[in-house]
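So you can see what is in the structure, the chains are spelled out below.
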Amino acid sequence: MTEQHRQTAGGTRDQRLRERAGAVIPGGMYGHQSAASLPAAYPQFMHGGRGARIWDVDGNEYVDLMCSYGPVVLGHQHPRVEEAAAAQAALGDCQNGPGPVMVDLAELLVQTVSHADWAMFAKNGTDATTMCCTIARAQTGRQKVLAATGAYHGAAPWCTPRPAGVTPQDRANLGYYTYNDLASAQRAAAEAGDDLAAIVVSPFKHDAGFDQELVDPAFARGLRALCDATGAALILDDVRCGFRLHLGSSWEPIGVSPDLSAWSKAIANGHPLAAVLGADAFRDGARQVFVTGSFWFSAVPMAAAIATITALREGRAVEAIQRSGAELRDGILAQARSWELPVNYTGPVAMPYLSFAGDADRELAGVFASAALRGGVYLHPRHNWFVSAALTGDDIALALEATDQAFAAVRKRLAQ
Ligand SMILES: Cc1ncc(COP(=O)(O)O)c(C=O)c1O
């Protein structure tokens, strides 16, 4: 392990980059990767990564438990994915039309995801969730979309969690329900009446900053029945969970099929790509809408996606993630018990969220994360973590050494 937080004359390279960024980038950085709201020990700028290890611009090495906030599922610089991307790049990427890989990828997704009869592509998760709503409205001729209160579906005006720059009109056609509370969804649907176009839902409740909640299968089946009864589209936002929990839609294990699903993050192991998958009943709506982007049809990320999905299947990566995630959870919970610290470790083991009982302002979570970072593991104090298939036994052992030190730091803080 390299010396943590190498300091040179004039500060760390990260500090110098932050100063330069402050002059030419509003706020120095923005969006979900802004380190401004992270503890001070966190680097803003990263140098690179390989497998489950990443390096910041000052040469500090970490076991990566954030996976670029989800996109990296097989590990950084996965050889098979990078080879496929390089081979496509040698032919062409951004061209006058898509490459044959677009058709290959659409076929692969339709074979892989049981509810999908067709696929469309874009760049980011927000593109995909927004497209799902647009397609649902085009197909049904209705306007209202229901979403769970507090759920994250992207950063467009209809769904961004920050009010700056958003008008009431941007939200005029939205209604809200409470996750896992079917009666609240039924009430919101009744309010929308015959103008209900869609219900958007995530595979489980993963709102940042809160303990996670697995989906109640009866709730999922109830939403399906509500959509069947009203003719609205059931939209599954699989952007964060897709291909990390199951090699198909994340609701396949509970037997609930959406009409439309939104994907991005892990589908190309870090290459920029999003997809909307849909059932035949919504194909006409999908054909009618005009949706596009200068880079949406680039061939390299599509080649990377084909290699990613193939490697996920052949390497039984979802199972590997489950095993590593369970080992991490068991180790962390045993440590919490031995330090006599009451923690909540919620959500699937592939995407866990750790919180301390009574830590309303997340102060202890910050102490824990900072100490873990110093010990060489990059995790997050207020967002679910992501387990990749690249974690080795050594990586997990190192991560658990760091979390043990981190629990010690929390104990010390409580004793002060
Ligand atoms: C569930 C969910 N939906 C949509 C999005 C938006 O995706 P993107 O940031 O790629 O636009 C995210 C991003 O974190 C997400 O977690």
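Residues numbered from 1 in each chain as written. Predicted model: local features only at pLDDT ≥ 70, side-chain atom pairs only at ≥ 80, totals over all residues. Heavy atoms only, no water.

(A) Region of the structure containing the packing of aromatic side chains. For the structure on display, the rule yields nine aromatic pairs. Relative to Tyr378, the ring of Tyr42 has its centre 5.2 Å away and its plane inclined at 85°; by these criteria the two rings are edge-to-face. With Tyr42 in the loop between helix 1 (13-24) and strand 1 (46-50) and Tyr378 in strand 13 (residues 377-378), this residue pair connects regions lying 336 residues apart in the sequence. This pair shows no difference in class: Tyr42 is buried, exactly as Tyr378 is. On the numbers, 5.9 Å between centres and 80° between planes, the contact of Tyr62 with Tyr378 is edge-to-face. You can see Tyr62 sitting in strand 3 (residues 61-64) and its partner Tyr378 sitting in strand 13, a full 316 residues away along the chain. Members of the aromatic cluster, joined through ring pairs, are Tyr42, Tyr62 and Tyr378. It is Arg362 that lies over the ring of Phe210; its NZ or CZ is 5.7 Å from the centre. (Phe/Tyr/Trp six-rings, centres within 6.5 Å; stacked < 30°, edge-to-face > 60°. Helix = DSSP H or I, 4+ residues; strand = E, 2+ residues; numbered from the N terminus. Buried < 20%, exposed > 50% of the residue type's maximum accessible area, 1.4 Å probe, protein only. Lys NZ or Arg CZ within 6 Å of the ring centre and 35° of its normal.)

(B) Representation of the pattern of salt bridges. Evaluation of the coordinates by the stated rule reveals 13 salt bridges. Here Arg18 ties to Asp14 by a salt bridge, and the two come within 2.8 Å at their closest N and O atoms. A residue pair is termed a helical-turn pair when its members lie 3 or 4 positions apart in one helix, as Arg18 and Asp14 do in helix 1 at four residues. Note that Arg413 is salt-bridged to Glu363, the shortest N-O span being 2.5 Å. Separated by 50 residues along the polypeptide, Arg413 in helix 11 (residues 393-415) and Glu363 in helix 10 (residues 363-374) bring together distant segments of the chain. For Arg413, a relative accessible area of 32% translates into the label partly exposed. Several salt bridges share partner residues, and in doing so they unite Arg53, Glu61 and Asp395 into one network. (Salt bridge = Lys/Arg side-chain N within 4 Å of Asp/Glu carboxyl O.)

(C) Examining helix 9 (residues 317-338) more closely. Look at helix 9: 31 Å from first C-alpha to last across 22 residues, which is about the 32 Å you get at 1.5 Å a residue. Looking only at helix 9, the buried set comprises Ala317, Val318, Ala320, Ile321, Ser324, Gly325, Ala326, Leu328, Gly331, Ile332, Gln335 and Ala336. The inward-facing, buried residues of helix 9 contact helix 8 (299-314), strand 11 (343-346), strand 12 (353-356) and helix 11. Looking one or two residues beyond helix 9, the residue adopting positive phi is Glu340, at roughly 55°. (Expected span 1.5 Å × (residues − 1). Contact = heavy atoms within 4.5 Å.)

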